[in-house]
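Okay, here's what each chain looks like letter by letter:
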Amino acid sequence: MMGSKESCRNELRTAIRQLSDRCLYSAAKWAGEQLVGIEQDPAKYTPSNTRFQRGSSSIRRRFRTNDINSTPTAGVSYVSTPVMEEDEAVDSDFYLLAKSYFDCREYRRAAHVLRDQIGKKSVFLRCYALYLAGEKRKEEEMIELEGPLGKNDAVNRELVSLERELSTIRKNGTIDPFALYLYGLVLKEKGNQTLARTVLMESVNSYPWNWNAWSELLSMCTTIEILNSLNLCNHYMKDFFLASAYQELRMHNESLAKYEYLQGTFSYSNYVQAQIAKAQYSLREFEQVEVIFEELLRNDPYRVEDMDMYSNVLYAKECFSALSYLAHRVFMTDKYRPESCCIIGNYYSLKGQHEKSVMYFRRALKLNKNYLSAWTLMGHEYVEMKNTPAAIDAYRRAVEINPCDYRAWYGLGQAYEMMCMPVYALHYFKKSVFLQPNDYRLWIAMAQCYETDELHMLEEAVKCYRRAANCNDREAIAMHQLAKLHRELGRSEEAAFYYKKDLERMEAEEREGPNVVEALLFLAQHCRALKRFEEAEVYCTRLLDYTGPEKETAKNMLRGMRMAEASFPSMDVEHFPP
């Protein structure tokens, strides 16, 4: 277990004050959520305040963290909260004025007030204000030049001077962890990822409570090799980082195990629960995800963050009323959040109103042009509207933002498949299945490409369908297609095996339809050809319950088999005398 929970609380309280004082409000918010997520003294809290009861089978995971070898025991905090130099005697009044300007989004005024101040806090806030002023101007240029959704070459014009200044104070040894974070951010923007990782590592090792710095470092850990190469201090913040990194690297079981371990101390953290839901969503455990999000909304009824993922689950399950309620809820809470727009877009998509859905996804992108889900979901809507060029453009924007988004690659494959270009479609399906090898839908899409007349690579299609069947094909498409392909390839034994398996599944699910008739007819003919007349009669008798030409075929087969059985004794005497 982690060290003293009271020690964690004290560290986080100090960190929240320090982060807020430096206008790093998102990092302070994150720290605050973890602070109230620490299990409280039972004597001070009644059962009505208890959230996410530990041991609950619906939320707690069944596996343990000793499956993970790449991190030391969490919670052994070797780093105490640093006492930052506050420079109060030097520039306190100027700093307070600058911070007031900063909070009013008057970034250049804030930087101007601190132009002659030399304290570390003041240097950081001045540089941070200049960075945000440059970002603000870049956003304005993007809108002025090509509109909020267009591509352009707008850049933050403050990056060069900031890099020069921050590099100098780092070499002089007078840089603090917050300025290191900002320096890493500047280096990342300029494309120097190797040095950016080094600088951000220095920042989190000297001050581990700045989640913003961890998040920037995480965005540059694109492979497990890069992640393992990081030399990070042993601290519970490292475990939060590793859990997030495992999710990004699609190591979902490892991520779940890590978050479960963190629950030992942060038992009631909404953030931890949301991340568990995110990992389970990636594993398509929708029932578990729904339970967690329902509990999150009970505890935090005005939460919008991560709720777009909940809407995706409700969409997949076609829960009209629940999705309608969620859309109304977030609309009343904050309708101008990208997450809110995506949830409302999902609602209209489920209703079949694709034009309205696109309108809300575009609105989400006006609020945040790099909002990945909106690009991908908008691409899906354009596919539904048969607007293939627009769908391809949306998916391409998604993969530019995150090349590891398998849904966008899959969408590109679907778009090219609609355009009857199976070679291109196959290329994109291969990219998606590399990123998400346990999703049966991707393997089925690849197999269907191989089956097209242009490619007609049936052996490759068989391999893909086998992978789909091994990935828990819930729609059982793969089993039926395997049977049909083996029949087409003249492999009657293999075809019979898959038809029988498919028939057993349909019987267990009490399903009827043309696939049942097809399986019964093939198995009857196969058994008759092998002189297994009793089995063949069973299948033929079942076919008599259906209408159509198969019923007449079954009658003829039964009549023929009975005549054959009647002639067996004379054949034995004639051809096999004693």
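See the structure shown above.
Residues numbered from 1 in each chain as written. Predicted model: local features only at pLDDT ≥ 70, side-chain atom pairs only at ≥ 80, totals over all residues. Heavy atoms only, no water.

Participant: It is not clear to me how the side chain of Lys138 should be interpreted in this structure. Could you clarify?
Facilitator: Among the structural elements, Lys138 can be located in helix α5 (residues 120–146). On the basis of relative accessible area, Lys138 is assigned to the buried category, the value being 13%. With residues up to four places along the chain from it excluded, the contact list for Lys138 reads Ala154, Val155, Asn156 and Glu189. (Helix = DSSP H or I, 4+ residues; strand = E, 2+ residues; numbered from the N terminus. Buried < 20%, exposed > 50% of the residue type's maximum accessible area, 1.4 Å probe, protein only. Contact = heavy atoms within 4.5 Å.)

Participant: Sorry, what's going on with a positive patch on the surface here?
Facilitator: Taken together, the side chains of Lys335, Arg362, Arg363 and Lys366 define a basic patch exposed on the protein surface. Take Lys335: it is sitting in the loop between α16 (320–334) and α17 (338–350). Judged by relative accessible area, Lys335 falls into the partly exposed class, the value being 33%. (Patch = residues over 30% accessible without salt bridge, like charges linked within 9 Å, V, L, I, M, F, W, Y side chains within 5 Å. Areas by Shrake-Rupley, 256 points an atom, 1.4 Å probe, with all protein chains shown as cover. Salt bridge = Lys/Arg side-chain N within 4 Å of Asp/Glu carboxyl O. Lys, Arg positive; Asp, Glu negative; His and termini not counted. Charge placed at Lys NZ, Arg CZ, Asp CG, Glu CD.)

Participant: Please clarify how the pattern of salt bridges should be interpreted in this entry.
Facilitator: Two side chains with opposite charge may pair up if their charged atoms get near one another. Summed over the entire model, instances satisfying the criterion amount to 37 salt bridges. In this structure, the salt-bridge partner of Arg157 is Glu141, at a minimum N-O distance of 3.2 Å. Linking Arg157 in the loop between α5 and α6 (159–171) with Glu141 in helix α5, this pair joins segments that are 16 residues apart in sequence. A relative accessible area of 61% means that Arg157 is categorised as exposed.

Participant: Is there a simple way to think about the side chain of Asn312 in this case?
Facilitator: Structurally, Asn312 can be placed in helix α15 (residues 307–316). A distance of 2.8 Å separates polar atoms of two side chains, one belonging to Asn312 and the other to Asn346. Apart from residues lying up to four places away in sequence, Asn312 is in contact with Tyr281, Asn346, Leu377 and Arg407. (Polar contact = N/O pair within 3.5 Å; in protein donor to acceptor, adjacent residues only side chain to side chain.)

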